[in-house]
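Overview (structure and organization)
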Amino acid sequence: MPKEELLELEGIVDEVLPDSKYRVTLDNGIVVGAYASGRMRKHHIRILAGDRVTLELSLYDLTKGRINFRHKDTKSPGRDVIASSQRR
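For the structure given in this document, a descriptive report is provided here. (Residues numbered from 1 in each chain as written. Predicted model: local features only at pLDDT ≥ 70, side-chain atom pairs only at ≥ 80, totals over all residues. Heavy atoms only, no water.)

Glancing now at the nonpolar core. By size, the foremost hydrophobic cluster in this structure holds 13 residues, and its most contacted members are Val13, Tyr22, Val24, Ile47, Val53, Leu55 and Ile67. Within the residue set of this core, elements represented by two or more residues are β2 (21-26), β3 (31-36) and β4 (52-58). The contact partners of Val13, leaving out residues within four places of it in the chain, are Tyr22, Arg23, Val24, Ile47, Leu48, Ala49, Gly50, Asp51 and Val53. (Core = buried A, V, L, I, M, F, W, Y, C linked by side-chain atoms within 4.5 Å. Buried < 20%, exposed > 50% of the residue type's maximum accessible area, 1.4 Å probe, protein only. Helix = DSSP H or I, 4+ residues; strand = E, 2+ residues; numbered from the N terminus. Contact = heavy atoms within 4.5 Å.)

Turning our attention to a nonpolar patch on the surface. On the surface, Leu7, Leu59 and Leu62 cluster together to form a nonpolar patch covering roughly 260 Å² of accessible area. In this structure Leu62 comes out as partly exposed when scored by relative accessible area, which is 45%. (Patch = residues over 30% accessible without salt bridge, like charges linked within 9 Å, V, L, I, M, F, W, Y side chains within 5 Å. Areas by Shrake-Rupley, 256 points an atom, 1.4 Å probe, with all protein chains shown as cover. Salt bridge = Lys/Arg side-chain N within 4 Å of Asp/Glu carboxyl O.)

Turning to the sheet that holds strand β1 (residues 6-17), a few remarks are in order. One closed barrel accounts for five strands, arranged β1-β2-β3-β5-β4; its pairing is mixed. The average angle at which neighbouring strand axes cross in this sheet is 50°, direction not considered. In this structure, β3 lies alongside strand β5 (residues 64-70), joined through four bridges in parallel fashion. What sits directly across from Ala36, in β5, is Ile67. (Pairing = 2+ DSSP bridges. Axes fitted to C-alpha atoms, helices over the stretch in contact; angles between N-to-C directions.)

We now examine the pairing of β2. The two faces of β2 differ: Tyr22, Val24 and Leu26 on one face are buried, but Lys21, Arg23 and Thr25 on the other face are not. Sheet analysis places β1 next to β2, joined by six bridges and oriented antiparallel. Bridge pairing links Val16 to Tyr22 in β2. The loop that links β1 with its antiparallel partner β2 comprises three residues; one of these, Asp19, has a positive phi angle of about 65°. The loop that links β2 with its antiparallel partner β3 comprises four residues; one of these, Gly29, has a positive phi angle of about 95°.

Structure follows, in structure tokens:
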């Protein structure tokens, strides 16, 4: 049995902050602060603004979360702008 239940939600990264922290807008419109999980830092998974991610939120503090997965779909709104600027 897990020590504590976690909410798993999806959202889009709005802003990349220093010290591997991020500002994420959830699908329901709520903005939360998040950090990359240790596994993502260990494997050097890069998270950019506009990426679609899966967050784990604690039931005790719904304003902070841990990013544990970056989705590979390139159809998120911010990725088109980044991809077009890299082609030049």
